[in-house]
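What follows is each chain in one-letter form.
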Amino acid sequence: MYSHQRYRAACDYDRLPDITYKVALALRLNVVPRSVCSTFHARYCPRHDKTLLTMAEVINHAMRCDSLSGISAATRHNHIKYAMRNVACRYGVEVAVEPTGYVYFENASSTRPADVQRRPDIRFKAPLDNKYYVTDLTIVAPDDIPGAAALRAAENKRHIHSEAVHARNHIFIPFAAETSGFFADCCDKLVSCIAEGLPEHQHHAFKRDFASACAAGIAQFRAEAVMNVFARNTIVTTRYTDM
């Protein structure tokens, strides 16, 4: 469902600009357009004490280092979070961003509230469904095995949020993806559950638009990260942190 074919969304709000779309599609084909980088120069990351000798190394590092890409993890995270919200609202789904009212404890056997304030990212309620679906979004850099990092991140989100969400009789489904464009199975599960609460004739369109917005958001990050790398001459000084 989540592929380069989704970079052109049905709604102008979610559609990538032409230059961003071209770069995103080129990166999916493992190509960097000459308009972005006509002459390659090796780069050095002092924070990681690493010399980036090839184009592939620079691009892979840009997916992990916000100082090199110029795009923070929070910016990327929020862009996709609000894209999800906007699609849901267009279909009449009740949406709450960063909903409150969930009580988190230090551990499973504790009755003491956690010192760190936590809350999920979004809560959905479709018009024909009395169920609340709650998700927490995470976008992580990939490992050597595609999908492994996303699956670990999804499991970590379940560990953090499931108990608090279920205590209110709501359903928690994580949304975990990788900067490479891989989306874990839980992403499809979330959109399918929300779609079940819509009129039947809207099921396919909702799934299409939701997937388009999410895929376009990840693609936009990759494209802009690479464009920033070759447009800026800044020195890498800080470490990238996954959300």
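1. Examining the overall build of the chain
Stage number 1. Each helix and strand in the chain was counted, giving seven helices and eight strands.
Stage number 2. Across the 243 residues of the chain, 48% fall into the buried class.
Stage number 3. Entry remark: accessible area of the chain is about 12300 Å², with carbon and sulfur atoms responsible for 50%.

2. Points about the confidence of the model for the chain
Stage number 1. For the chain, per-residue confidence averages 83 on the pLDDT scale, and residues scoring 70 or more make up 84% of the total.
Stage number 2. Taking the mean pLDDT of every element in the chain, the minimum, 75, falls on strand β1 (residues 43-45) and the maximum, 98, on strand β7 (residues 171-172).
Stage number 3. This stretch, residues 109-113, has a pLDDT under 50; its non-local contacts, to residues over four places away or in other chains, come to seven contacts.
Stage number 4. This stretch, residues 234-243, has a pLDDT under 50; its non-local contacts, to residues over four places away or in other chains, come to 37 contacts.

3. Brief notes about the side chain of S69
Stage number 1. As for its position among the elements, S69 is in helix α3 (residues 66-69).
Stage number 2. Polar contacts involving the side chain of S69 include one to the main-chain amide nitrogen of I71, which spans 3.2 Å.

4. Observations regarding the sheet that holds strand β5 (residues 133-135)
Adjacent strands of a sheet form backbone hydrogen bonds with each other and so pair up, either parallel or antiparallel.
Stage number 1. One open sheet accounts for four strands, arranged β3-β4-β5-β7; its pairing is mixed. Of all strands in the sheet, those bounded by a partner on one side alone are β3 (94-97) and β7.
Stage number 2. Packing against the sheet, helix α4 (residues 73-90) makes contact with β3, β4 (122-125) and β5, and its axis sits at approximately 160° to β3.

5. Concerning the packing of helix α6 (residues 185-195) against helix α7 (residues 203-231)
Stage number 1. Axis separation between α6 and α7 bottoms out at 9 Å; the angle between their running directions is 145°. Once α6 is placed against α7, the crossing between them reads as right-handed. Contacts between α6 and α7 involve V191, S192, I194 and A195 from the former and H203, F206, K207 and F210 from the latter.
Stage number 2. When its residues are assigned to classes, the contact of α6 with α7 shows five nonpolar, two polar and one charged.

6. So, the layout of surface pockets
Stage number 1. In this structure, the largest pocket occupies an estimated 490 Å³ of space.
Stage number 2. Every residue lining the largest pocket is counted, 19 residues in all, and those nearest its centre are L27, N30, I59, N60 and S180.
Stage number 3. Only α1 (18-28) and α2 (55-62) provide two or more residues apiece to the lining of the largest pocket.
Stage number 4. Element by element, the count of residues in the lining of the largest pocket is highest for α2, at four residues.
Stage number 5. Of the residues contributing to the lining of the largest pocket, the split by class is nine nonpolar, four polar and six charged.

7. Digging into unusual backbone geometry
Stage number 1. Positive phi values are uncommon outside glycine, yet N30 reaches one of about 60°.
Stage number 2. Tracing the backbone through its elements, the reader meets N30 in the loop between α1 and β1.
Stage number 3. One non-glycine residue, E98, lies in positive phi territory at about 50°.
Stage number 4. By secondary structure assignment, the location of E98 is in the loop between β3 and β4.
Stage number 5. Accessibility expressed as a relative area gives 34% for E98, which makes it partly exposed.

8. A look at the packing of aromatic side chains
Stage number 1. One pass over the full model with this rule turns up five aromatic pairs.
Stage number 2. Between the aromatic rings of F124 and F210, the centroid separation amounts to 6.3 Å while the plane-to-plane angle is 70°, which identifies the pairing as edge-to-face. Taken together, the residues span a long stretch of sequence, with F124 in strand β4 and F210 in helix α7 at a distance of 86 residues.
Stage number 3. Since its relative accessible area comes to 0%, F124 is described here as buried.
Stage number 4. Residue classification places F210 among the buried residues on the basis of a relative accessible area of 1%.

Conventions used here
Residues numbered from 1 in each chain as written. Predicted model: local features only at pLDDT ≥ 70, side-chain atom pairs only at ≥ 80, totals over all residues. Heavy atoms only, no water. Helix = DSSP H or I, 4+ residues; strand = E, 2+ residues; numbered from the N terminus. Buried < 20%, exposed > 50% of the residue type's maximum accessible area, 1.4 Å probe, protein only. Areas by Shrake-Rupley, 256 points an atom, 1.4 Å probe, with all protein chains shown as cover. pLDDT = per-residue confidence, 0-100. Contact = heavy atoms within 4.5 Å. Polar contact = N/O pair within 3.5 Å; in protein donor to acceptor, adjacent residues only side chain to side chain. Pairing = 2+ DSSP bridges. Axes fitted to C-alpha atoms, helices over the stretch in contact; angles between N-to-C directions. Left-handed = near helix turned anticlockwise from the far one by under 90°. Nonpolar A, V, L, I, M, F, W, Y, C, P; charged D, E, K, R; others polar. 1 Å grid on protein atoms, 1.4 Å probe; cavity = no way out; pocket = protein on both sides within 12 Å on 5 of 7 lines; lining within 4 Å. Points joined across faces, edges and corners; volume = space filled by probe spheres on them. Phe/Tyr/Trp six-rings, centres within 6.5 Å; stacked < 30°, edge-to-face > 60°.

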